[in-house]
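Architecture at a glance
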Amino acid sequence: RLPHHITGTGSDSLRHYLGEDEGGLKRLQLSTTIADTLDQYLLFRPEMIFRWERGEEDHWQASLWRDLARGLEKHHRAALGRAFLESLRDFSPGGSDLMERVSVFGISALPRFHMEILSGLSRVMEVNLFLMNPCKEYWGDIVSDREMEKRAERTQGGGVPADLLHLEKGNSLLASMGRLGRDFLDLVAELGWEEFPLYEDPAEGSLLRTIQSDILHLRDRPGPSAGKNPISPGDTSVRFHACHSPLREVEVLRDQLLHMFDTDPELTPGDILVMTPDIETYAPYVQAVFDIPSSDPTWIPFSIADRGLRQEGSVIEAFLAVLDLANSRFGATQVLSVLECEDVHRRFEISEEELQLLRRWIGETRIRWGIDETSRAAEGFPPFRQNSWRAGLERMLLGYAMRGNDERMFENILPYDEIEGGDVALVGRLAEFVETLAAAVKAFEKPHRLAEWSKLLSELMERFFDPEGRAEKEMLLLRRAVDSLGQMQSPETAGFDEPVEIQAVRWHLGRVLKREGLGYGFLTGGVTFCAMLPMRSIPFKVLCLIGMNGEAYPREYHPPGFDLMARHPRPGDRSRRNDDRYLFLEAILSARERLYVSYVGQSVQDNTYAPPSVLVSELMDA
């Protein structure tokens, strides 16, 4: 929630984000962006926040923060962290109620804030960090070719030749992709933690293991101490596939997996992990190619993890589709998309066979859009009733009472002659659904306070959904998201007590539910398909990377213009590109026997060349 004087600031960046329309949804989107940015400051630059609170800076972000934190200066994350560290200085380990040990594992990096908290805890208790270090040598000073060029350009103006900088590249892959790990391990060393190294040399029995060994020993080939290593022509430990489309990628992957199973009897589907930067794009193709009957001799068990809650389930999409009907034309396709949800038509006692019949009736009665003539007039159209939902339902109900033979009208209504016998009960259930939906959409027209929206949407869920099985977990997460709206109104949280439009509520819920996941599909015994995320690069016999296209990875991130961290970066700052580079390096190291990489390398229209990810090109060069 932005204070009024902040929205009137002269900041060009802020005016750009607000635009000319300072409506509720636009302000919500802006305030969310600002909140995320402030949250990064708290985590990575708490000293900046303390400087603002002392009034040493007077730009709009500092003023906004002081307004938001007024009276709560000792309760935000940075202040609590500082108070916690101060309390540990006088803490007696003997009389502590703390646990005996803290162990941290499975992480690639932590912010300095978290590391300082763990370091403070280590003075009164045992703290263990289990980290994967790609290299056994010290590699904190190595730089990539690009960094070398930048530093050389900066020093040329000062008259210092590039060769006198004594910059070291070490291993090219490690220097280019390992910046995140390098900065974090430097931070660990700076804090003075005791190290217990344990490294295992993969040797040089294959191309993949040679690459891993070179990274471990900080070698670069060719070089004065390490020439090119001869590789057997039959070595398939690293493979690259350039395909014409994502579908073709998945088809080639399946063929290659079948070949691997034929050539390695000990390989099982559970030994294979497939990662992709865009799991939402590739999941339908995976489903289409791999989802064949288990009786087929080429069947490969598989699972898809990391899909968003909205993509995995049906209840969420149907719920958001109801919210989308607000200020819409109430079109036949939109309404049917809600009814097609299994948990919705079960609530209204409509079977799949009856749903097919309803589609035919709706089409033949020419229902197109609008609840009735009143809703059409509200949209700025002439108030005509024909082709609306109520006109179509009246035709169906009148057709049960009398036949019109497509020519005889009654009270200006042409009966629909296909309704007979027990069909009238189905028409009644359809009418109940449409009227219930219309009443819900009518309630969306007025702005409500957040607690009122929470109650209204909770009632909507009860009226429209009858969940079973897996959908019950969806409903639980949906209820949690809706309940959180009411909690925002309480003084203990946001204390926001003003009416908001349905568009702002819809945007917020869509954003929250997009981040949620059902938690299914990872390590279920078959081939695992998942997104390229931290803690996914764990050792597998076969590790496959698909969708490694030039524009897809590393993923682009454009910080807002007012992000002060992006304007003045420091080692250890959060960077999506550095995160993605390090994830790719971890994937190379996690493949035990085979590394498989594919990308869309040719246009499906004219066969023109399309480059792979720059990281794939660097691996090819190595």
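In case you missed it, the structure is sitting above this.
Description of the structure in this document. What you see is a predicted model; the values in this text were computed from it and never measured. Sequence order as written defines residue numbering, which begins from 1 separately in each chain. The predicted origin of the model limits local features to residues at a pLDDT of at least 70 and limits the giving and counting of side-chain atom pairs to 80 or more, whereas totals for whole chains, interfaces and linings rest on all residues. Only hydrogens and water are set aside when side-chain values are computed; all heavy atoms of the structure are taken into account.

Note on terminology: a nonpolar core comprises buried Ala, Val, Leu, Ile, Met, Phe, Trp, Tyr and Cys residues joined through side-chain atoms within 4.5 Å. Note on classification: 1.4 Å probe, protein chains only; a residue is buried when its accessible area is under 20% of the maximum for its type, exposed when over 50%, partly exposed between these limits. F319, F330, M396, F433, F444, L457 and F465 are the most contacted members of the largest nonpolar core, which totals 63 residues. For this core, the elements supplying multiple residues, two or more each, are α15 (315–324), α16 (332–339), α18 (352–364), α20 (389–401), α21 (423–443), α22 (450–464), α23 (471–489) and α24 (502–515). Contacts are assigned to residue pairs with any non-hydrogen atoms lying within 4.5 Å of each other. Setting aside its immediate chain neighbours within four residues, F319 contacts L457, L460, M461, F465, L478, V482 and L509. Counting 38 residues, the second largest nonpolar core, distinct from the first, contains F50, M125, V127 and W193. Only runs of H or I of at least four residues qualify as helices and only runs of E of at least two qualify as strands under DSSP, and these elements are numbered from the N terminus.

Moving on, we come to the side chain of S176. Looking at the element boundaries, S176 is found in helix α9 (residues 172–177). Residues adjacent in sequence count toward polar contacts only when both atoms are side-chain atoms; beyond that, a polar contact is any pair of N or O atoms within 3.5 Å, and within protein one must be able to donate a hydrogen and the other to accept it. Of the polar contacts made by the side chain of S176, one reaches the side chain of R581; its length is 2.9 Å. Setting aside residues up to four positions removed in sequence, S176 forms contacts with S144, R581 and E618.

On to the pairing of strand β1 (residues 101–105). Only one face of β1 is buried, namely the one carrying V102 and V104, since none of R101, S103 and F105 on the opposite face is buried. In short, DSSP must find at least two bridges between two strands for them to pair. The pairing of β1 with strand β2 (residues 126–130) spans five bridges and is parallel. Residue pairing in the sheet places V104 in a bridge with L129 of β2. A crossover gets the label right-handed when its path from the first strand over the helix to the second runs clockwise, viewed with the strands pointing away from the viewer. Read as a crossover between parallel neighbours, the route from β1 over helix α7 (residues 112–121) to β2 is right-handed.

Any helix carries an expected span of 1.5 Å times its number of residues minus one. Taking 1.5 Å per residue, 13 residues should reach 18 Å; α20 reaches 19 Å between its end C-alpha atoms and fits that length. Residues of α20 that are buried: W389, A391, G392, L393, R395, M396, L398 and G399. Looking at the buried residues of α20, the elements they touch are α16, α18 and α21. Put simply, S388 is the residue that caps the front of α20, since its side-chain oxygen is 3.4 Å from the backbone nitrogen of A391.

As a further point, take a nonpolar patch on the surface. The residues that make up patches have over 30% relative accessible area and no salt bridge, and they are joined within 9 Å when like-charged or within 5 Å when they are Val, Leu, Ile, Met, Phe, Trp or Tyr. Methods summary: accessible areas were calculated by the Shrake-Rupley approach with a probe of 1.4 Å, and residue burial reflects only the protein chains presented. Definition used for salt bridges: Asp or Glu carboxyl oxygen within 4 Å of a side-chain nitrogen of Lys or Arg. The grouping of F91, L98 and M99 at the surface amounts to a nonpolar patch, some 260 Å² of accessible area in total. Assignment of secondary structure puts L98 in the loop between α6 (77–89) and β1. A residue is classified by how much of its surface remains accessible, and L98, at 33% relative accessible area, is partly exposed.

Attention now moves to the packing of aromatic side chains. For this analysis, a ring pair means two rings from Phe, Tyr or Trp (six-membered ring only for Trp) whose centres lie within 6.5 Å, classed as stacked if their planes differ by under 30 degrees, edge-to-face if by over 60, and tilted for the remaining angles. Counting across every chain of the model gives ten aromatic pairs. For the ring pair Y41 and W52, a centre distance of 5.6 Å and an interplane angle of 90 degrees mean the geometry is edge-to-face. A residue pair is termed long-range when its members are at least 10 positions apart, and Y41 in helix α3 (residues 24–44) and W52 in helix α4 (residues 46–53) qualify at eleven residues. Each residue in the set F290, F302 and F529 is aromatic and connected to the rest through ring pairs, giving one cluster. Consider the ring centre and the ring normal. A charge sits over the ring if Lys NZ or Arg CZ is within 6 Å of that centre and within 35 degrees of that normal. Sitting above the plane of the F50 ring, R82 keeps its charged end 3.8 Å from the centroid.

In this section: the sheet that holds strand β8 (residues 591–600). What the six strands build is an open sheet, ordered β3-β8-β7-β4-β6-β5; its pairing is parallel. Of all the strands in the sheet, just β3 (238–243) and β5 (302–304) have a single pairing partner and so form its edges. Direction aside, the axes of adjacent strands within the sheet are offset by 20 degrees on average. Where helices are involved, their axes are fitted lines through C-alpha atoms of the stretch in contact, as for all axes, and angles between N-to-C directions lie from 0 to 180°. In this fold helix α11 (residues 207–216) packs onto β3 and β8, with an angle of close to 100 degrees to the strand it touches most, β8.

Moving on to the pattern of salt bridges. According to the stated counting rule, one finds 30 salt bridges in the structure shown. Residues D67 and R70 are paired through a salt bridge, measuring 2.8 Å at the closest nitrogen-oxygen approach. The partner of E126 in a salt bridge is R101, with the nearest N and O atoms 3.4 Å apart. Here E126, found in strand β2, pairs with R101, found in strand β1; they are 25 residues apart in sequence, far enough to count as distant. By sharing partners, the salt bridges in this structure join R112, E116 and E190 into a single network.

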